[in-house]
Amino acid sequence: MLSLGALFGLIALAAHLARDQLDALGRGFVERFGLAGMFVGTYLADAFSFPIPPQFYMLTAISSGGPQVAPMVAISAASLLAGCTGYYLANHIARLRIFAARLARTRPKMDRLFERYGYWAIAIGSLSPVPFSMLCYLSGLYRIPARYFFTMVLFRVPRLLIFYALIRMGWAQ
């Protein structure tokens, strides 16, 4: 909750202090890169922990003053695809001998977590402040069953919508 409050506060402060500059940035980004730029940027952020998070692309969509549905669909789709990419890559990395032994030692803890909490473990992890890309990589490394992983991925969309709502409210302040 603190991180969500901080996000709202930062956006409200940025909107108050630099609205004209952020409006220009949003319009310029959307005009130059459009939905494809938002998609690629979000994909890189969530698949490879690129330093510009999806929230930046949400802010550019909001500050540009254009339609909001298409950017949110592009951002959400890119994030879901990126999560699957991270899971797939980490699953293959886990098979490398250098990682396999260490993962085998810690795997029983993960197995017990899912045996005890099942889908609740996914729900709590999905709503935690842990970055989405990290959750996807950990899921792949520990070879979390696909049914749990896809449940976690589906929780991503409501989380993105919450971020969008907070950014939009902060921008309106």
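Everything below is about the structure shown above.
Residues numbered from 1 in each chain as written. Predicted model: local features only at pLDDT ≥ 70, side-chain atom pairs only at ≥ 80, totals over all residues. Heavy atoms only, no water.

**Student:** Hey, could you run me through the pattern of salt bridges in this one?
**Tutor:** Pairing is possible between side chains of opposite charge, provided their charged atoms come close. Per the counting criterion, the structure on display carries one salt bridge. Linking Asp46 and Arg156 is a salt bridge whose minimum nitrogen-to-oxygen distance equals 3.0 Å. Note that Asp46 is positioned in helix α1 (residues 2-48) and Arg156 in helix α7 (residues 146-172), a separation of 110 residues in sequence. Neither residue differs from the other here; Asp46 and Arg156 are each classed as buried. (Salt bridge = Lys/Arg side-chain N within 4 Å of Asp/Glu carboxyl O. Helix = DSSP H or I, 4+ residues; strand = E, 2+ residues; numbered from the N terminus. Buried < 20%, exposed > 50% of the residue type's maximum accessible area, 1.4 Å probe, protein only.)

**Student:** Sorry, what's going on with a nonpolar patch on the surface here?
**Tutor:** On the surface, Val40, Leu44, Phe48, Phe50, Ile52, Tyr88, Leu89, Ile93, Leu96, Ile98 and Phe99 cluster together to form a nonpolar patch covering roughly 980 Å² of accessible area. Residue placement: Leu44 occurs in helix α1. (Patch = residues over 30% accessible without salt bridge, like charges linked within 9 Å, V, L, I, M, F, W, Y side chains within 5 Å. Areas by Shrake-Rupley, 256 points an atom, 1.4 Å probe, with all protein chains shown as cover.)

**Student:** What exactly am I supposed to notice about the environment of Ala47 here?
**Tutor:** Its place among the elements puts Ala47 in helix α1. Along the backbone, Ala47 and Gly86 are 39 residues apart, and their C-alpha atoms lie at a distance of 5.2 Å.

**Student:** Explain the layout of surface pockets to me, please; I cannot follow it from the model alone.
**Tutor:** If you roll a probe as big as a water molecule over the atoms, it shows you where there is empty space left. Considered as a void within the structure, the second largest pocket measures approximately 190 Å³ in volume. Contributing to the lining of the second largest pocket are Met110, Leu113, Phe114, Ala121, Ile122, Gly125, Ser126, Leu135, Leu138, Ser139, Ile144 and Met152. Mapped onto the lining of the second largest pocket, the elements with two or more residues apiece are α4 (97-117), α5 (119-127) and α6 (132-141). A per-element tally of the lining of the second largest pocket places α5 first, with four residues. By residue class, the composition of the lining of the second largest pocket is nine nonpolar, three polar and no charged. (1 Å grid on protein atoms, 1.4 Å probe; cavity = no way out; pocket = protein on both sides within 12 Å on 5 of 7 lines; lining within 4 Å. Points joined across faces, edges and corners; volume = space filled by probe spheres on them. Nonpolar A, V, L, I, M, F, W, Y, C, P; charged D, E, K, R; others polar.)

**Student:** Would you mind showing me how to read the packing of aromatic side chains here?
**Tutor:** Aromatic ring pairs are reported here in terms of the distance separating the ring centres and the angle at which the planes meet. For the coordinates displayed, the defined rule picks out seven aromatic pairs. Both rings, one in Phe56 and one in Tyr57, keep their centres 5.1 Å apart while their planes meet at 85 degrees; by these two values the pair is edge-to-face. Here the aromatic rings of Phe149 and Phe150 are separated by 5.4 Å at their centres, their planes lie at 65 degrees, and the arrangement is edge-to-face. Residue classification places Phe149 among the buried residues on the basis of a relative accessible area of 1%. Grouping aromatic residues by their ring pairs yields a cluster made of Phe29, Phe33, Phe56 and Tyr57. Sitting over the face of the ring of Trp171, Arg19 holds its NZ or CZ atom 4.4 Å from the ring centroid. Sitting above the plane of the Tyr148 ring, Arg147 keeps its charged end 4.7 Å from the centroid. (Phe/Tyr/Trp six-rings, centres within 6.5 Å; stacked < 30°, edge-to-face > 60°. Lys NZ or Arg CZ within 6 Å of the ring centre and 35° of its normal.)

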